[in-house]
Amino acid sequence: MKLVVEIVDAHDLMPRDGEGSASPFVEIDFGNQRSRTTTIPKNLNPVWNQKLLFNFDQAKNHHHQTIEVCVYHEKRPIPSRTFLGRARIPCSAIVKKGEEVYQTFQLEKKRFFSSIKGEVGLKIYLSSETEQSSLAPSSSPPPPSNPPPSSKNITEPSSPAPSSSPSPPSSPPPSSKTKTKPSSPAPSSSLSPSRPPPSSKNRPLIHDPSISLPISEKPLSSSSNISEVPVSNILYSSPSISQAAPIERSNSPVPEAESPVPEAESPRSSAEEPKEEIKEPVEAQVAANQHIYLHQVFHQPAISFNKGPQGIPSTMQQVNPNSHPIPQDDYTLKEMDPQLGERWPGGGVYGGRGWMSGERFATTYDLVEQMYYLYVRVVKAKDLPPSVLTGNCDPYVEVKLGNYKGRTKHFDKKMNPEWNQVFAFAKDQIQSSSLEVFVKDKEMVGRDDYLGRVVFDMNEVPTRVPPDSPLAPQWYKLEDLRGGGKVRGDIMLAVWLGTQADEAFPEAWHSEAASVHGEGISSIRSKVYVSPKLWYLRVNVIEAQDIQPNDRSRAPEVSVKAQVGSQVLRTKICPTPTTNPLWNEDMIFVAAEPFEEQLVLTVEDRVHHSKDDVLGRISMPLTVFEKRLDHRPVNSTWFNLERFGFGVLEADRRRELKFSSRIHVRVCLEGGYHVLDESTMYISDQRPTARQLWKQPIGILEVGILGAQGLLPMKMKDSRGCTDAYCVARYGQKWVRTRTILDTFNPKWNEQYTWEVYDPCTVITLGIFDNCHLGGAEKQHGGAAAAAARDSRIGKVRIRLSTLESHRTYVHSYPLLVLQPTGLKKMGELQLAVRFTSLSLANMIYIYGHPLLPKMHYLHPLTVNQVDSLRYQAMNIVATRLGRAEPPLRKEVVEYMLDVDSHMWSMRRSKANFFRIMSLLSGVITMTRWFGNVCHWRNPITSVLVHILFLILIWYPELILPTVFLYMFLIGLWNYRFRPRHPPHMDPKLSWAEAVQPDELDEEFDTFPTSRSPDRVHMRYDRLRSVAGRIQTVVGDLATQGERFQSLLSWRDPRATSLFIMFSLCAALVLYMTPFRAVALVAGLYMLRHPRFRSKLPSIPNNFFKRLPPRTDSLL
């Protein structure tokens, strides 16, 4: 009988090579038998898929034995190893072959001061069949010299092809240096006749020097591409594999200095285990060729463990392999090395001639790549000739450069027009050596007349770099179109070469958007927006006097309704029916400058539960109210109410206004609060509304929006997919929008923006959208279709400023991960360059010691319901005001950037938050386990050292706190080596996005109220009841323990209370007469006593506590 330990993979190992990585291997020790796997270089998430075999004697009792799995980092070139963690598996958990499942085990420490993290995935079972162990070779061959040529995904057929027929024994295997054509079959190796063929079960590749695997039709060589090896010729044919996973190749070559095994993405240990993802080729070994590079490792999807991070107890469930598609995208952050702020080529100007030398830098945009444009400013014209037929001139200007033409608007009957319009032609689109500027006369019928032209030689165009002053325009005499000399008329022009840093760039007509006309031109330009200044309006309704109801025979039941724009709030009905009601209630609204709405107060009488009579109202502009900056009281004011008379004798005076009663209110605009218009988790500004309370900025945030890569098509155009992408960034009150790059999946913006930073604990949000307002809808379906179109979301990135180092430039490509109804999807990558500059270290330290929000949030805090309601109102106001700008920042864009739906229920978010809490508690759990091992003397050396430390601290108690703080200092100093090297990004594993079930996604994207069928809603309700039932049980258990503690002195159990108070009296006398140091010494030694002096039964205090009576017997 053989014990088979299949080492599948490991996750999140501790880096040990000083470069943020490790070269791990696994060594297993069982019953004085030791074996190890191969070494995977430079990989913190290695994948082995190797089996190690050990002799297992069934006649012996192995229940007290353990399988020790140790993970090490192999150091080179000096042969040594570093401990990465271990896991101990009891032999009682071993199952027979066919019952094994993939399990992950948390790596544990050997010593208390060790820094260990990660987990290892194993399959352990007993097998009576002969299986060979896949041992590691002593050396590794060099990697292939040529990287894969492309990054396209190659999908294998649904069933693997059988291996090629065996060749005659005399025919040698093909040489690794020989290349054969794809059409000609190549001889292949066969299985040894002395061994049976491999089993048809889905099993990992096993290394055996006596078994040669089938070789592909194209022999492997150092110069052949990895993609030339068919997976079906490498893996054994298995009928249990129903669908092959798609393969993703890498664009980057394998470094020569590193070992040849590229990094592989490990299979997950949670419910998504069937969707195994292999990002790079995985190394396998054969006899004839020693090393080949596998693209794929298959696992049969069957039973998986639904397990959370950090060793959370797992539940087993059936997994549908087709319910979760195998991810094909790389969700990691990629570091970039673009040419930021490069010098001017060719001596400073296009063509090598000009005014400036090559030593001049373009320093305005130093976080983006320089993009060069030819600018043409058309200012005005004078003394243009009139038409022979009409005697007037309707002039316009056409600028032509190669195949690109831009034109100004035309003026009716104007001989001296002024345009002041700028045209920008991208340098990579320049197809001509001359620039032509034509002046034409627009005709109602027939072809437009030429009035003249001006021609510029591109080699003579000067270069301008900000902060130089703008180039002064000059008058040019118009020339005849046929070169017949000068004609009547002059035009004022300025032509220069510049970059996107030029002041004319945002408002210029761009050749890249030559296909956009009409109103669509304004929607593609880059713009900077400023959020409206928001105030909290506090309305304190105190009382009213002389309220006259319509029915004089009854006392009125009065309430007050306050309205500001679309915001409506009501007071409670006065508990005492009277004509002089008293409320003294506060109502808070959101108002934005300039104040356009009015405060409308309406006094209503509840006549019936569905009917309210209006007894009076008053409308007041917000500008009349006082603005306060702190918590000082504001003077209250009486206002007369206006109402319509409805008496019997006043039938003819129904339309006249008269004063009948008055209301006492206190109204003010709160300037000491910060009006929250975004989620507090991603807050970007914490300043109060009143500018007088603002502090000095502590730093500057600079963001270079370089471009995007691999965007997906968002709409159909001319029967093909296309994307017109633009980027929006929001931080504080400043919103920026880049220009729209038309019809490309790899847009390049290269625009740089700057923000003042008042608090480093803030978040900047950047999102990419597809522009659906380019003018096409107006032409085809009219303006209504254009207004109904919505800009599509592509993805979003958040960067927390406190995670950035000061004065360091981060240039990375961020994955755009979006959760869709079909699951997690990568929409592309956003390339950013970010730099945070600190202006004062003293101010930075000062900020970290002060409250996050203004002091009014703590002196007069708002309730949670008020914060949520006011945030929603503030978001609506911001979206409305920004939607009125030109071009508008549309509501769907603002809502997506402000996370308007972050408060909605989601089973996925609930799971993610639960496992976040459990990961935080994992440290406490690990510490408790370690202390338990010390108390049970699992490691005698550690227990002895802990006893010595305990005695030292008892003898010198003044060293306790210094020791604790010194230990924290040393831990922080040690962890500095492993600090993050890049900003955090969207984590699918942390978000629980990879293991989400389809119905949970459908529930998350459901509307509110729901629009699903009643049966599905019932099913979700029952599921929610089951989850709430578990929470109810946990809460009940906590309440039970608390009631037991409370019943110690409540005499619910007279005998238990009597025993406890007598024990308390004795303990008080003993502790009074005994020094505290002695008590602590005895208590500590009792807790750390040897297992020989321990009982397996619960302790006396535990037994006494569990016998105390809770109040569960009084529950219905």
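See the structure printed just above.
For every chain, the first residue of its written sequence is number 1, and the numbers climb from 1 along that sequence. Under the rules for a predicted model, residues below a pLDDT of 70 receive no local features and side-chain atom pairs below 80 are neither given nor counted, while totals for whole chains, interfaces and linings still include all residues. Excluding hydrogens and water, the side-chain values take into account all heavy atoms of the structure.

Caption draft 1: Broad picture of the sheet that holds strand S36 (residues 699-709). When DSSP finds at least two bridges between two strands, those strands are taken to pair. Only DSSP runs of H or I with at least four residues qualify as helices, and only runs of E with at least two residues qualify as strands; both kinds are numbered from the N terminus onward. A sheet is described by the order of its strands in space; here five strands give the open sequence S16-S44-S45-S36-S41, paired in antiparallel fashion. Both outer strands of the open sheet, strand S16 (334-335) and strand S41 (748-757), are each paired with one neighbouring strand and no more. Relative to strand S44 (residues 809-820), S16 is paired through two bridges, and the arrangement is antiparallel. Directly across from Glu 335, in S44, lies its bridge partner His 812.

Caption draft 2: Examining the nonpolar core more closely. By nonpolar core we mean a set of buried residues, namely Ala, Val, Leu, Ile, Met, Phe, Trp, Tyr and Cys, connected to one another through side-chain atoms within 4.5 Å. Three labels apply to residues, based on accessible area from a 1.4 Å probe with only protein chains included: buried if under 20% of the type maximum, exposed if over 50%, partly exposed otherwise in between. Membership of the largest hydrophobic core comes to 36 residues, with the highest contact counts inside it found for Val 703, Trp 749, Trp 755, Ile 764, Leu 766, Ile 768 and Leu 832. Whether two residues touch is decided by their heavy atoms; if any such pair falls within 4.5 Å, the residues are in contact. Contact partners of Leu 766, with chain neighbours within four places excluded, come to Val 703, Ile 705, Cys 727, Val 728, Ala 729, Gly 795, Lys 796, Val 797, Leu 830, Leu 832 and Met 897. Counting 33 residues, the second largest nonpolar core, distinct from the first, contains Leu 3, Tyr 72, Leu 84 and Cys 91.

Caption draft 3: Looking closely at a nonpolar patch on the surface. Exposure above 30% relative accessible area and the absence of a salt bridge qualify a residue for a patch, where like charges join within 9 Å and nonpolar side chains (Val, Leu, Ile, Met, Phe, Trp, Tyr) within 5 Å. Computed with the Shrake-Rupley method and a 1.4 Å probe, the accessible areas treat only the protein chains shown as cover for residues. We count a salt bridge whenever a side-chain nitrogen from Lys or Arg sits within 4 Å of a carboxyl oxygen from Asp or Glu. Residues Ile 941, Val 944, Leu 945, Ile 948, Ile 952, Trp 955, Tyr 956 and Leu 959 make up a contiguous nonpolar surface patch of roughly 790 Å² in combined accessible area. When you line up the elements, Ile 948 lands in helix H8 (residues 940-955).

Caption draft 4: Spotlight on the packing of aromatic side chains. Whether two aromatic rings pair depends on their centres lying within 6.5 Å, for rings of Phe, Tyr and Trp, where Trp uses its six-membered ring; planes under 30 degrees apart make the pair stacked, over 60 edge-to-face, and the rest tilted. By the definition in use, this model includes 19 aromatic pairs. Centroid distance Phe 438 to Tyr 450: 5.6 Å. Interplanar angle 70°. Geometry classified as edge-to-face. Pair noted here: Phe 438 is in strand S21 (residues 434-441) and Tyr 450 is in strand S22 (residues 449-457), with a separation of 12 residues, a long-range link. One aromatic cluster in this structure is built from Tyr 373, Tyr 375, Trp 496 and Phe 505. Just above the ring of Tyr 682 sits the side chain of Arg 798; from NZ or CZ to the centre is 3.7 Å. Cation placement over rings: the criterion is NZ of Lys or CZ of Arg within 6 Å of the ring centroid and within 35° of the ring normal.

Caption draft 5: The pattern of salt bridges, seen in detail. Applying the stated criterion across every chain, the model contains 57 salt bridges. Between Arg 34 and Asp 29 there is a salt bridge, with its nearest N and O atoms 3.3 Å apart. On the basis of relative accessibility, which here comes to 57%, the residue Arg 34 falls in the exposed class. Given a relative accessible area of 25%, Asp 29 falls into the partly exposed group. With a closest N to O distance of 3.6 Å, Asp 630 and Arg 632 form a salt bridge. Here Asp 630 falls in the partly exposed class, since its relative accessible area comes to 28%. Here the salt bridges share partners, and the residues they tie into one network are Asp 999, Asp 1002, Glu 1003, Asp 1006, Arg 1012, Arg 1016, Arg 1020 and Arg 1023.

Caption draft 6: Fine view of the packing of H8 against helix H13 (residues 1076-1087). Note on definitions: angles span 0 to 180 degrees between N-to-C directions of axes, and those axes are lines fitted to C-alpha atoms, for helices only across the stretch in contact. Running from N to C, H8 and H13 point in directions that differ by 170°, and their axes come no closer than 10 Å. By the angle between their directions, the pair H8 and H13 is classed as roughly antiparallel. Between H8 and H13, the residues in contact are His 947, Phe 950, Leu 951, Ile 954 and Trp 955 and Arg 1077, Ala 1080, Leu 1081, Gly 1084 and Leu 1085, respectively. Tallied by class, the residues present in the contact of H8 with H13 amount to seven nonpolar, two polar and one charged. When an angle is under 35 degrees it counts as roughly parallel; over 145 it counts as roughly antiparallel; between 65 and 115 it counts as roughly perpendicular; any other value is oblique. Basically, the charged four are Asp, Glu, Lys and Arg, the nonpolar ten are Ala, Val, Leu, Ile, Met, Phe, Trp, Tyr, Cys and Pro, and anything else, Gly included, counts as polar.

Caption draft 7: Looking closely at helix H7 (residues 907-935). In a helix, the anticipated span is given by 1.5 Å times the number of residues less one. Taking 1.5 Å per residue as the helical rise, H7 with its 29 residues ought to reach 42 Å, and the 40 Å between its terminal C-alpha atoms agrees with that figure. Buried residues of H7: Met 907, Arg 908, Ala 912, Phe 915, Met 918, Ser 922, Val 934 and Cys 935, and no others. As for H7, its buried residues are in contact with S44, H8, helix H10 (998-1004), helix H11 (1014-1046) and H13. Directly beyond the C-terminal end of H7, a positive phi value near 55° is found at Trp 937.

Caption draft 8: Local environment of the sheet that holds strand S2 (residues 24-30). On the basis of which strands lie adjacent, the open sheet formed by four strands has the order S3-S2-S5-S6 and antiparallel pairing. What marks the edges here is a single partner per strand, and that holds for strand S3 (33-36) and strand S6 (80-90). Direction aside, the axes of adjacent strands within the sheet are offset by 20° on average. With 10 bridges joining them, strand S5 (residues 66-75) and S6 adopt antiparallel strand pairing. Counterpart to Tyr 72 in the pairing with S6 is Phe 83.

Caption draft 9: Seen up close, unusual backbone geometry. Residue Pro 594 follows Glu 593 across a cis peptide bond; omega there is -10°. Mapped onto the elements of the fold, Pro 594 is located in the loop between strand S30 (582-592) and strand S31 (598-608). Following Phe 1008, the chain continues to Pro 1009 via a peptide bond in cis, the omega torsion being 0°. Here Pro 1009 is to be found in the loop between H10 and H11. Despite not being glycine, Asn 32 shows a phi value in the positive range, around 65°. With respect to the helices, strands and loops of the structure, Asn 32 is situated in the loop between S2 and S3. The phi dihedral of Asp 743 is positive, around 50°, even though this residue is not glycine. Examined against the element boundaries, Asp 743 turns out to sit in the loop between strand S40 (734-737) and S41.

Caption draft 10: Quick look at empty space enclosed by the protein. Space inside and on the surface of the protein is sampled on a 1 Å grid over the protein atoms alone, with a cavity defined as a set of points where a 1.4 Å probe fits but cannot get out and a pocket as an open set with protein on both sides within 12 Å along at least 5 of 7 lines; lining residues have an atom within 4 Å of a point. Grid points are joined across faces, edges and corners, and a volume is the space filled by probe spheres set on the points. Tallied over the entire structure, the rule returns 11 cavities of 30 Å³ or more. Looking at the lining of the largest cavity residue by residue, the classes come out as six nonpolar, five polar and six charged. One number sums up the size of the second largest cavity: a volume of about 110 Å³. Here the residues of the lining of the second largest cavity are counted per class, giving five nonpolar, two polar and three charged.

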